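Structural overview for review
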Amino acid sequence: MSKKIKLTAFLLVMCMMVAIFAACSTTSGNINATPTDSTAPTHNSGSQVSNAKEPFTVTIAQGSDPQSLDPHRASGDIGANVFRNICQNLFFYDENWAVTPVLAESYKQISDTEWTVKLKEGITFSNGEALNAEAVIWNFKRAASDEFPRQSFTFKNYVSEYEAVDELTVKFTLSAADIFFLEHLAEVPMLAPAYSEQIGEEAIGGNPVGTGPYTFVSWEADKEIVLEKNPTYWGEEPEIDRIVVRTIPEAATRVAEMVNGTVDIIMNVQFESTEMLQSAGNISVVPKKMNRIEYIAYNTYDWAGCPALQNKLVRQALNYAVDVQAIIDNIMGGYGERASTLWRSDYDGYDEALANTFTYDPEKAKAMLAEAGYPNGFDLVLMTDVDNHAKAQEVTEAVGAYLTAIGINVKVQVLDDTTAYAIIVNGQEAKQCPPMFDWNWGGKPNLYESTLTGVLHSGGMSSYNVVEGYDAIIDALLAETTKEGRAPYIQQLQQLMVDDPACLYLFRLYDIYAVNNRIDWNPINHYAMLVSEMSIAK
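Residues numbered from 1 in each chain as written. Predicted model: local features only at pLDDT ≥ 70, side-chain atom pairs only at ≥ 80, totals over all residues. Heavy atoms only, no water.

Re the overall build of the protein chain
The condition is simple: Helical segments are the DSSP runs of H or I of at least four residues, strand segments are the runs of E of at least two, and each set is numbered from the N terminus. For every accessible area listed, the method is Shrake-Rupley and the probe measures 1.4 Å; residues are considered covered only by the protein chains on display.
When its secondary structure is counted, the protein chain shows 16 helices and 19 strands. Looking at the protein chain as shown, the accessible area adds up to about 23,200 Å², and 50% of this sits on carbon and sulfur atoms.

Shown next, in the form of structure tokens:
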């Protein structure tokens, strides 16, 4: 072979090697842990999908946009259905409602007021930040901060000190023993601290970064939110590649799109639509008993503009005036469990007799109004929002009709979810909340503290209850550190909810889901809408 041919061959080989090295150097990007543009994700969002197959997308339709995707500020399932796929907790719940480790490897109770949690090794946020003890402490302190409104538990009330024992161990020192501490640990999702501080407090809700199986891609207001599979996820790779959460306000449109196959999952299905969905042949309709009680809240503040509601006879009378079982049967299609207090049947010390106190008795209601000094009734504004649940407006209008029948002049005010939420949640100082409003409250099985501190105590974020006696009993109950010590206060509180009602009590809610059969997922067996728990039907 001549020198010229050898030289040419050598140059060709070198060119091929340079091309190969160049190609290899572009396949693994440098993950940026401190992005500079807060308006779009700068971490690896997992958008590089192999051309070998079309990404499998699950489309979920909801009635409204989330208030926020900030897991420490958002409240309710509309936002949680999105951010729970991005952000994970130290602990969470299995299908039997047992607290199980997620990001935590183990925990140890050292004393009544001292706990340590050991983190799993090697977990990173999707932007490359490490999940370590300092990151956990940052998240718990942020969730407890009162600098900005928070919708999670207020940890400052019972955690007095956090300590990073080592890189992966956090020590929690409590201000008092807490019988639900593990459940409380399961309430705070983890955000990437450096990234979150870089983009700022308000921007987090539009572009969160977590450790979860999916990453945020985009959010077009009032249209859709897109998530994609996290390519650096520490756990088992999910089967679903992409999540699209669409906002479709009209219930009939959500059903139509479900039948047409353009949507895979909807919730808050009205029972009248179940037959149409089932007849499609490829849709499963699943009623799920929720951990939520529907009620009409009383605003008993002086500024509410309805002095009658400060009289306990009036508040009792309104509970006797409404045929709640008829509402359950005729409006909810039988999907509901009657309640006469906010103490659910899965809470410790549930008193079934008290829970059935308020039977439908309009004549008794009229007599009680007359005894209270309102024989001709009074004026009342009753507010609802269209997305509180599938039949919120109809239920509220029915309640209004029953109250009108006993002589009360009721004006039903119907708002969208965003507006109503802004008025009610942490809106006590703004003083815009009407005398009565339709609302519901959920909590984990037996984790009743949320109901106490969120709804019944005067300091609760959704509470307009300043009826004397509630705060004293709740404070005494929460000060007790054993179930035995709390038992008498639980009984007193249930009795007070009947004798001096804080609400017009309605029913425990059911949610009706529709799921396309191309997805293997039963909402009854899952606490949250975690898409990583869904699989492609075989």
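Quick word on empty space enclosed by the protein
Rules: With a 1 Å grid spanning the protein atoms alone, the term cavity applies to any set of points in which a 1.4 Å probe fits but cannot get out, the term pocket to an open set with protein on both sides within 12 Å along at least five of seven lines, and the term lining residue to any residue with an atom within 4 Å of a point. Grid points are joined across faces, edges and corners, and a volume is the space filled by probe spheres set on the points. Just so you know the grouping, Ala, Val, Leu, Ile, Met, Phe, Trp, Tyr, Cys and Pro go in nonpolar, Asp, Glu, Lys and Arg go in charged, and all remaining residues, Gly too, go in polar.
Counted according to the given criterion, the structure contains four cavities of 30 Å³ or more. Space inside the largest cavity adds up to approximately 70 Å³. Taken together, Ile293, Glu337, Arg338, Ala339, Ser340, Thr341, Trp343, Arg344, Ser345, Tyr350, Ala355 and Arg508 make up the full set of residues lining the largest cavity. Along the lines of polarity and charge, the residues of the lining of the largest cavity split into five nonpolar, three polar and four charged.

Observations concerning the sheet that holds strand S7 (residues 169-174)
Our working rule: We treat two strands as partners when DSSP finds at least two bridges between them. Inter-axis angles, ranging from 0 to 180 degrees, are taken between N-to-C directions of lines fitted to C-alpha atoms, where helices are fitted over the stretch in contact. Whether two residues are in contact is decided by their heavy atoms, any of which lying within 4.5 Å being enough.
The strand order S4-S5-S7-S6 describes an open sheet built from four strands, whose pairing is antiparallel. Of all strands in the sheet, those with a lone pairing partner are strand S4 (104-111) and strand S6 (159-166), marking the two edges. Strand after strand, the sheet turns through a mean of 20° between neighbouring axes, direction not considered. Bridge count for S4 against strand S5 (residues 114-119) is six bridges, and the pairing is antiparallel. Bridge pairing in S5 places serine 111 opposite glutamate 114. Strand contacts of helix H3 (residues 133-144): S5, S6 and S7, with the helix running at about 165° to S6, the strand carrying the most contacts.

Quick look at the packing of helix H15 (residues 470-479) against helix H16 (residues 483-499)
Note the following rule: Here is the rule for angles: anything less than 35 degrees is roughly parallel, anything more than 145 is roughly antiparallel, 65 through 115 is roughly perpendicular, and the remaining ranges are oblique. Should the near helix be turned anticlockwise from the far one by less than a right angle, the crossing is left-handed, and should it be turned clockwise, the crossing is right-handed.
The geometry of H15 relative to H16 is characterised by a closest axis approach of 9 Å and an angle of 160° between their N-to-C directions. Comparing their axes, H16 and H15 come out roughly antiparallel. The element H15 and its partner H16 pack so that their crossing is left-handed. Contacts between H15 and H16 pair Tyr470, Ile473, Ile474, Ala476, Leu477 and Leu478 from the former with Arg486, Tyr489, Ile490, Gln492, Leu493, Leu496 and Met497 from the latter. For the contact of H15 with H16, the per-class residue count stands at 11 nonpolar, one polar and one charged.

As for the environment of alanine 390
Summarising the element assignment, alanine 390 is placed in the loop between strand S14 (379-385) and helix H12 (392-405). The residues contacting alanine 390, other than those within four sequence positions of it, are Asn268, Val269 and Gln270.

Concerning the environment of tyrosine 350
By secondary structure assignment, the location of tyrosine 350 is in the loop between strand S13 (336-338) and helix H10 (352-355). Expressed as a C-alpha distance, the spacing of tyrosine 350 and glutamine 494, which sit 144 residues apart in the sequence, is 8.2 Å. Those residues in contact with tyrosine 350 that lie beyond four places of it in its chain are Trp343, Arg344, Ser345, Ala355 and Gln494.

Here we look at the nonpolar core
Condition: Here, nonpolar core means buried Ala, Val, Leu, Ile, Met, Phe, Trp, Tyr and Cys residues that are tied together by side-chain atoms lying within 4.5 Å of each other. Per-residue accessibility, obtained with a 1.4 Å probe over protein chains only, is compared with the maximum for each type, and a residue is labelled buried under 20%, exposed over 50%, and partly exposed between these values.
Leu90, Phe172, Leu318, Val399, Leu403, Met436 and Leu504 are the most contacted members of the largest nonpolar core, which has 142 residues in total. Residue contributions to this core peak at eight residues, all from strand S17 (residues 503-516). With near-sequence residues (within four places) excluded, methionine 436 lies in contact with Ile296, Ala297, Tyr298, Leu309, Leu318, Leu380, Val381, Leu382, Met383, Leu403 and Leu504. Core analysis: the second largest hydrophobic core is formed by 12 residues, Val255, Leu277, Val285 and Ala514 among them.

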